[in-house]
Amino acid sequence: MHRIKLKINGKGFEHEVDSRLLLIHYLREKARLTGTHVGCDTGNCGACTIIFNGKAVKSCMILAVQANGAELTTIEGIAQNGFHPIQESFMDKFAVQCGYCTPGMIMSAHALLLENPDPNETEIREAIEGNLCMCTGYQQIVEAISHAAKKIGRSEKK
Ligand code: FES
Ligand code: FES
């Protein structure tokens with residue numbers, strides 16, 4: 001067992017964890033943050049995407065012990081005073097169907113927009129290439145991310 005200390009969504013967490021525990025399972029089972037979904041557990045679907053020290057990562061590909069000292073953001077951490085503009089845009093553009101991929105998609109989109117506030121369609125598609133969606137055909141998701149970028153840009157100019 002190892003003691004880890006980390007920050008998730010700005011809040012401190014400290015737990016004893018097994019050296020083999022994956023970060024996704026730490027988040028859901030120990031930190032009780034179940035907004036991050038588990039799909040494949042093998043790095044293929046992107047449902048478990050979170051932001052780890054500023055970068056989008058698949059949390060099933062990282063051990064909980066590797067997050068010692070890290071700063072993480074999960075889907076629970078992006079909404080402040082209501083939905084985040086990316087979440088609103090996913091609803092406005094009908095980019096959610098079953099919702100399984102949605103938290104991971106939104107976190108990949110969030111990481112993209114932090115780095116590149118005005119991405120073109122190719123850049124959006126590249127940012128979500130590790131996130132699989134079985135329902136939407138991706139077009140609405142791409143439109144939602146583009147719409148969110150404009151929405152965030154407009155609110156920053158106010
Ligand atoms: S659950 Fe992590 S990539 Fe599928
Ligand atoms: S909305 Fe169902 S997998 Fe994307």
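Quick notes on the rules
Residues numbered from 1 in each chain as written. Chains lettered and ligands numbered in written order. Predicted model: local features only at pLDDT ≥ 70, side-chain atom pairs only at ≥ 80, totals over all residues. Heavy atoms only, no water. Helix = DSSP H or I, 4+ residues; strand = E, 2+ residues; numbered from the N terminus. Rg over C-alpha atoms; globule rule 2.2 N^0.38 Å. Buried < 20%, exposed > 50% of the residue type's maximum accessible area, 1.4 Å probe, protein only. Areas by Shrake-Rupley, 256 points an atom, 1.4 Å probe, with all protein chains shown as cover. Domains from an automatic or database assignment. Contact = heavy atoms within 4.5 Å. Buried area = accessible area lost by both parts, 1.4 Å probe. Salt bridge = Lys/Arg side-chain N within 4 Å of Asp/Glu carboxyl O. Polar contact = N/O pair within 3.5 Å; in protein donor to acceptor, adjacent residues only side chain to side chain.

J.: It is not clear to me how the overall build of the protein chain should be interpreted in this structure. Could you clarify?
T.: Check the secondary structure of the protein chain and you find 5 helices and 5 strands. Secondary structure of the protein chain in N-to-C order comes out as β-β-α-β-β-β-α-α-α-α. Here the C-alpha radius of gyration of the protein chain, 15 Å, is about what a compact globule of 158 residues would show, namely 15 Å. Expressed as a percentage of the 158 residues in the protein chain, the buried residues total 44%. Carbon and sulfur atoms provide 50% of the accessible area of the protein chain, an area that totals close to 8,400 Å².

J.: So what exactly am I meant to see when it comes to the domain arrangement of the protein chain here?
T.: Interfaces are often sized by the amount of accessible area the parts lose when they come together. Domain assignment breaks the protein chain into domain 1 (2-76) and domain 2 (85-157). Summarising the inter-unit geometry, the C-alpha centres of domain 1 and domain 2 are found 21 Å apart. In this assembly, 17 residues from domain 1 lie in contact with 15 residues from domain 2. Buried surface at the junction of domain 1 and domain 2, both sides included, amounts to about 1,200 Å², of which 61% is carbon and sulfur. For domain 1, the biggest contributors to the area lost against domain 2 are H37, I51 and I75; these three give 39% of the whole. The interface formed by domain 1 and domain 2 holds 1 salt bridge in total. For the salt bridge of K55 with E115, the shortest nitrogen-to-oxygen distance reads 3.1 Å.

J.: Explanation requested: the pattern of salt bridges in the structure shown.
T.: It is possible for side chains of opposite charge to pair when their charged atoms get near one another. What the rule picks out here adds up to 7 salt bridges. R3 is paired through a salt bridge with E16; the nearest N and O atoms lie 3.2 Å apart. In this pair, R3 is assigned in strand β1 (residues 2-8) and E16 in strand β2 (residues 11-17), connecting sequence segments 13 residues apart. A salt bridge links D18 to R20, with the nearest nitrogen and oxygen atoms 3.3 Å apart. For D18, a relative accessible area of 31% gives the class partly exposed. Linked by salt bridges that have partners in common, R3, E14 and E16 make up one network.

J.: Can you help me understand helix α1 (residues 23-30) in this one?
T.: Count 3.6 residues to each turn of an α-helix, and residues three or four apart come out pointing the same way. Taken residue by residue, α1 has L23, I24, H25, Y26 and L27 as its buried positions. The secondary structure elements touched by the buried residues of α1 are β1, β2, β3 (49-52) and β5 (71-73). R32 sits one or two residues past α1 and shows a positive phi near 60°.

J.: Would you take a moment to explain the side chain of T49 for this structure?
T.: Position of T49 among the secondary structure elements: in strand β3. The class of T49 is buried, set by a relative accessible area of 4%. At 3.5 Å, the side chain of T49 and the side chain of N131 are in polar contact.

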